[in-house]
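Descriptive structure summary
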Amino acid sequence: MTTAAPERLTRIREIIAENIDVDLERLSDTALFIDELGADSLKLIDVLSALEMEYSIVIDMNELPKMVNVEATYRVAATAAGW
């Protein structure tokens, strides 16, 4: 069974919130992880790793700079997973 895009987006948002230590309420789709939410690069690596584990995908580390907010992170994961 394929997970629908809205469900994947919700799960990705949860993974991000957990790994960058921010409440889901503060995590809008466009809030910048570093500039607005105070995340650091190590936390973003944790996000990347958690997404890889959750979806059994491989995300190239070169994609990390693109993962600036929820929308961009979803796009990176979707590309890696072929959604």
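Residues numbered from 1 in each chain as written. Predicted model: local features only at pLDDT ≥ 70, side-chain atom pairs only at ≥ 80, totals over all residues. Heavy atoms only, no water.

Named according to an unreviewed UniProt entry, the protein chain is Acyl carrier protein originating from Streptomyces argyrophylli.

Quick notes on the pattern of salt bridges
This model, assessed by the stated rule, comprises five salt bridges. Salt-bridge contacts for Glu 14 lead to Arg 11; the nearest nitrogen and oxygen are separated by 3.3 Å. With a gap of three residues between them, Glu 14 and Arg 11 both fall in helix H1 (residues 5-20), about one helical turn apart. According to the relative accessible area criterion, Arg 11 is partly exposed, its value standing at 28%. For Arg 11, the salt bridge goes to Glu 54, with nearest N and O atoms at 3.2 Å. Highlighted residues: Arg 11 in helix H1 and Glu 54 in helix H2 (residues 41-55), separated in sequence by 43 residues. Residues joined by salt bridges that share partners form a network here, namely Arg 11, Glu 14 and Glu 54. (Salt bridge = Lys/Arg side-chain N within 4 Å of Asp/Glu carboxyl O. Helix = DSSP H or I, 4+ residues; strand = E, 2+ residues; numbered from the N terminus. Buried < 20%, exposed > 50% of the residue type's maximum accessible area, 1.4 Å probe, protein only.)

Some remarks on unusual backbone geometry
One non-glycine residue with positive phi stands out, namely Asp 21, at about 55 degrees. Relative to the helices and strands, Asp 21 is located in the loop between H1 and H2.

Digging into the nonpolar core
Among soluble globular proteins, nonpolar side chains are generally buried collectively. With 26 residues, the main nonpolar core has Ile 16, Ile 20, Leu 27, Phe 33 and Leu 51 as its most contacted residues. Elements with a minimum of two residues in this core: H1, H2 and helix H3 (70-81). For this core, the leading source of residues is H2, giving six residues. (Core = buried A, V, L, I, M, F, W, Y, C linked by side-chain atoms within 4.5 Å.)

A few points about the packing of aromatic side chains
For the coordinates displayed, the defined rule picks out two aromatic pairs. An angle of 80 degrees between the planes, with centres 5.0 Å apart, marks the rings of Tyr 55 and Trp 83 as edge-to-face. Highlighted residues: Tyr 55 in helix H2 and Trp 83 in the segment after H3, separated in sequence by 28 residues. Where Tyr 74 meets Trp 83, the ring centres are 5.8 Å apart and the plane angle is 35 degrees; that geometry is what we call tilted. (Phe/Tyr/Trp six-rings, centres within 6.5 Å; stacked < 30°, edge-to-face > 60°.)

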